[in-house]
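Coordinate analysis (summary)
Residues per chain, in single letters:
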Amino acid sequence: MSPTPSNPPFVLARPESAPLDPPPLYAELREEQPVTRVSLWEGRLSPWLVTRWEDARAVLGSPAFSTDPTHPGAPNFKEGSARSPRGFFQNYDDPIHAAMRRTLTREFMVKRINELRPAIARLTDELLTDMTELSGPVDLVEHFSLPLPSLVICELLGVPYEDHTFFQKHSKTIVDFNSTGEETQQAFAALAAYLLGLVETKRTTPGDDVVTRLAAQADEGAITDQDAADLSAFLLFAGHETTANMITLSTITLLSHPGQIPHLLGGPDQVANAVEELLRHLSIVHGGLRRTAVEDVTIGGVTIRAGEGVIVPVHVANRDPEFFDAPDDLDLDRANARLHLAFGYGIHQCLGQPLARAELQIVLPEIFRRLPALKIAVPLEEIAFKQDTAVYGVHELPVTW
Ligand code: HEM
């Protein structure tokens, strides 16, 4: 792929004046060149950027694309990405991807996740009670948005919550663009080593949890102990920052659209739709879903050759006016909100989405029910957004109530 200096760089930073919207350049590209080349790594790679909703779905649903980051043309965030263990199955194609994902599908079935709802409600209540006992301003990220999904994922996996600072630190390193390749590898390795110990512990002291059941699958020979540890590490990592950032950014968004808050306090269907619209509107996985073509394929009338990289920025595709009416508006009653691509699409579609949905559906109404006078304690311009991470969010959010 020949680098062309005129290709626009693929950047993450959202506009300072509208930090919850995608960079305006991508709306222009979606209009004028919906499948176009962009430059990565200071022009050393020129993958395709696919910005329309329909084309984005076509890429994500097609077996002509691979998520394996070791393809020479793979549009990785950093040059020279190393192979990850197969327990991080998002980076593998079928059949390895399917075999690894299958070990966890039962754990994330809607029915099983619904059984966790009372525990999520209890944890939400406890954290909000503890937070409101402090005198404001208080950082919502530290006291609520991050500990809530951490506690939930710890409960699901059977990880002792006392260890949460350890794995929060490593998750942060993994999603931080400023981490070196070596730091990222070390963070993965540290999480996996910790969990390998936990797999062993669960054999002697089993619980009703995912790590215990993965240890049992290893005993049956379906996977190795290392796989069980890597799969758990992947879940810890995938289930943390994402939901935490969604809670905080949804809170900021709702506070700037106060007229829509009553939708969140309605019945379960209304709340569910409101959460889908927030997922669409914010599309926090804004680093783009990254693929490499393994055969020649035509997308939006453009031929993408085998070996060429493709970036699918779901935050841009989810604002496509061809598919969503007035896409930049937040409309918690939007009829087709649930067709967003914020959880991806196709075989790699987010495995944890029933859990993320359950958490958001419980947490967001509860925040506004309990704290009707909630306010951000500083002007929006003073909030530090995570401009250089694959998953969008804020570093902290001081609030009063
Ligand atoms: C609001 C929160 C979340 C968002 C927006 C989100 C988003 C995504 C997206 C966009 C993908 C697809 C990546 C791709 O196609 O390249 C994905 C995959 C995945 N997510 Fe999530 N996620 C969230 C929460 C969670 C949670 C809570 C868990 C688990 C506890 C989780 C586990 C996973 C896993 C295991 C995959 C890989 C699926 C595969 O490759 O088959 N996610 N997520």
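Below is a summary of the structure that appears in this document. Once a new chain begins, its residue numbering starts again from 1 and follows that chain's sequence as written. Where totals are concerned, whole chains, interfaces and linings use all residues; where local detail is concerned, this predicted model gives features only for residues with pLDDT of at least 70, and gives and counts side-chain atom pairs only at 80 or more. Side-chain figures throughout are based on the complete set of non-hydrogen atoms in the structure, without hydrogens or water.

Concerning the sheet that holds strand S8 (residues 309-312)
Any two strands with at least two DSSP-identified bridges between them are counted as paired. Labels follow the DSSP assignment, with helices taken as runs of H or I lasting at least four residues and strands as runs of E lasting at least two, numbered in each case from the N terminus. Strand order in the open sheet formed by 5 strands is S1-S2-S8-S5-S3, with mixed pairing between adjacent strands. Looking at strand neighbours, the two that pair on one side only are strand S1 (35-37) and strand S3 (65-66), the edges of this open sheet. Any two residues whose heavy atoms approach within 4.5 Å at even a single point are treated as in contact. As a rule, the C-alpha atoms of each element are fitted with a line to give its axis, helices using only the stretch in contact, and angles between N-to-C directions run from 0 to 180 degrees. On the sheet, helix H2 (residues 53-60) packs against S1, strand S2 (48-50), S3, strand S5 (289-293) and S8 and is oriented at approximately 125° with respect to S8.

Let's talk about the coordination of the iron atom of the ligand
Octahedral metal centres with six donors ideally show angles of 90 or 180 degrees, and tetrahedral centres with four donors ideally show 109.5 degrees. For Na, K and Ca the donor cut-off is 3.2 Å, while for other metals it is 2.8 Å, and in both cases only N, O and S atoms qualify; water is not among them, so sites may look incomplete. Just one protein atom coordinates the iron atom of the ligand, and that atom is Cys350 (SG), at 2.3 Å. Structurally, Cys350 is set in the loop between helix H15 (314-317) and helix H16 (353-370).

A closer look at the sheet that holds strand S4 (residues 138-139)
On the basis of which strands lie adjacent, the open sheet formed by 3 strands has the order S4-S10-S9 and antiparallel pairing. The open sheet has two edge strands with one neighbour each: S4 and strand S9 (375-376).

Describing the pattern of salt bridges
Here, a salt bridge means any Lys or Arg side-chain nitrogen found within 4 Å of an Asp or Glu carboxyl oxygen. Summed over the entire model, instances satisfying the criterion amount to 24 salt bridges. Here Asp125 and Arg370 are joined by a salt bridge, their closest N and O atoms 2.6 Å apart. Here Arg370 lies in helix H16 and Asp125 lies in helix H5 (residues 117-133), a separation of 245 residues in the sequence. Classification of Asp125 as partly exposed rests on a relative accessible area of 36%. Judged by relative accessible area, Arg370 falls into the partly exposed class, the value being 30%. Residue Glu277 pairs with Arg334 through a salt bridge whose shortest N-O separation is 3.0 Å. Relative accessibility decides the category of a residue: with a 1.4 Å probe and only protein chains considered, values under 20% of the type maximum give buried, values over 50% give exposed, and everything between is partly exposed.

Notes on the environment of Gly259
Summarising the element assignment, Gly259 is placed in the loop between helix H12 (241-255) and helix H13 (261-264). Residue class for Gly259 comes out exposed when judged on its relative accessible area of 67%. Once the C-alpha coordinates of Gly259 and Asp225 are considered, the two residues, 34 residues apart in sequence, prove to be 51 Å apart.

Quick notes on the site of the ligand
Being near a molecule or strand, for a residue, means having at least one of its heavy atoms within 4 Å of it. Not every one of the 27 residues close to the ligand is listed here, only the nearest: His97, Arg101, Arg291, His348 and Cys350. Identification of polar contacts relies on pairs of N or O atoms within 3.5 Å, with a donor-acceptor requirement for protein atoms, meaning one able to donate a hydrogen and the other able to accept it, and with residues adjacent in sequence counted only if both atoms are side-chain atoms. Contacts to the ligand include Ile347, whose backbone N or O atom sits 3.5 Å from an oxygen atom. Here His348 contributes a side-chain N or O atom positioned 2.7 Å from an oxygen atom of the ligand. Among the elements of the structure, helix H3 (96-102), helix H11 (225-238), H12, S5 and H16 are those that each provide at least two residues to the shell around the ligand. Looking at the shell around the ligand, the element that brings in the most residues is H12, giving 3 residues.

What to know about the pairing of S5
With 5 of 5 residues buried, S5 lies mostly within the body of the structure. Bridging between S3 and S5 involves 2 bridges; their strand directions are antiparallel. Across the sheet, residue Phe65 finds its bridge partner in S5, namely Ala293.

Focus on the packing of aromatic side chains
Ring pairs shown here join Phe, Tyr and Trp side chains whose ring centres sit within 6.5 Å, with only the six-membered ring taken for Trp; geometry is labelled stacked below 30 degrees between planes, edge-to-face above 60, and tilted in between. Going through the model one piece at a time under the given rule, you end up with 7 aromatic pairs. Plain terms: the ring middles of Trp53 and Phe323 are 3.5 Å apart, the flat faces sit at 5° to each other, and that makes the pair stacked. One end of the pair, Trp53, is in helix H2; the other, Phe323, is in the loop between H15 and H16, and 270 residues separate them in sequence. For Phe323, a relative accessible area of 24% corresponds to the partly exposed category. Residues Phe323 and Phe324 carry aromatic rings whose centres are separated by 4.8 Å and whose planes lie at 90° to one another, so their mutual orientation is edge-to-face. Residue classification places Phe324 among the buried residues on the basis of a relative accessible area of 0%. Site record: aromatic cluster; members linked through ring pairs are Trp53, Phe323 and Phe324. Charge-over-ring placement is defined geometrically: NZ (Lys) or CZ (Arg) within 6 Å of the ring centre, and within 35 degrees of the ring normal. Positioned over the ring face of Phe324 is Arg280, at 5.1 Å from the centre of the ring. Residue placement shows Arg290 over the ring face of Phe77; its charged tip is 3.8 Å from the ring centre.

Here we look at helix H10 (residues 210-219)
Among the 10 residues in H10, 7 count as buried, and that is most of the element. Among the structural elements, helix H7 (147-157), helix H9 (181-204) and H11 are those in contact with the buried residues of H10. Residue Asp209 occupies the N-cap position of H10, its side-chain oxygen lying 3.4 Å from the main-chain nitrogen of Val211. Among the residues trailing H10, Gly221 stands out with phi positive, at a value near 90°.

Comments concerning unusual backbone geometry
With the exception of glycine, the majority of residues adopt a negative phi angle, and the majority of peptide bonds are in the trans configuration. Across the junction of Asp94 and Pro95, the peptide omega takes the value 10°, indicating a cis bond. Turning to its location among the elements, Pro95 is positioned in the loop between S3 and H3. The phi dihedral of Ser283 falls on the positive side, at around 35°, and the residue is not glycine. Looking at the secondary structure, you find Ser283 in the loop between helix H14 (268-282) and S5.

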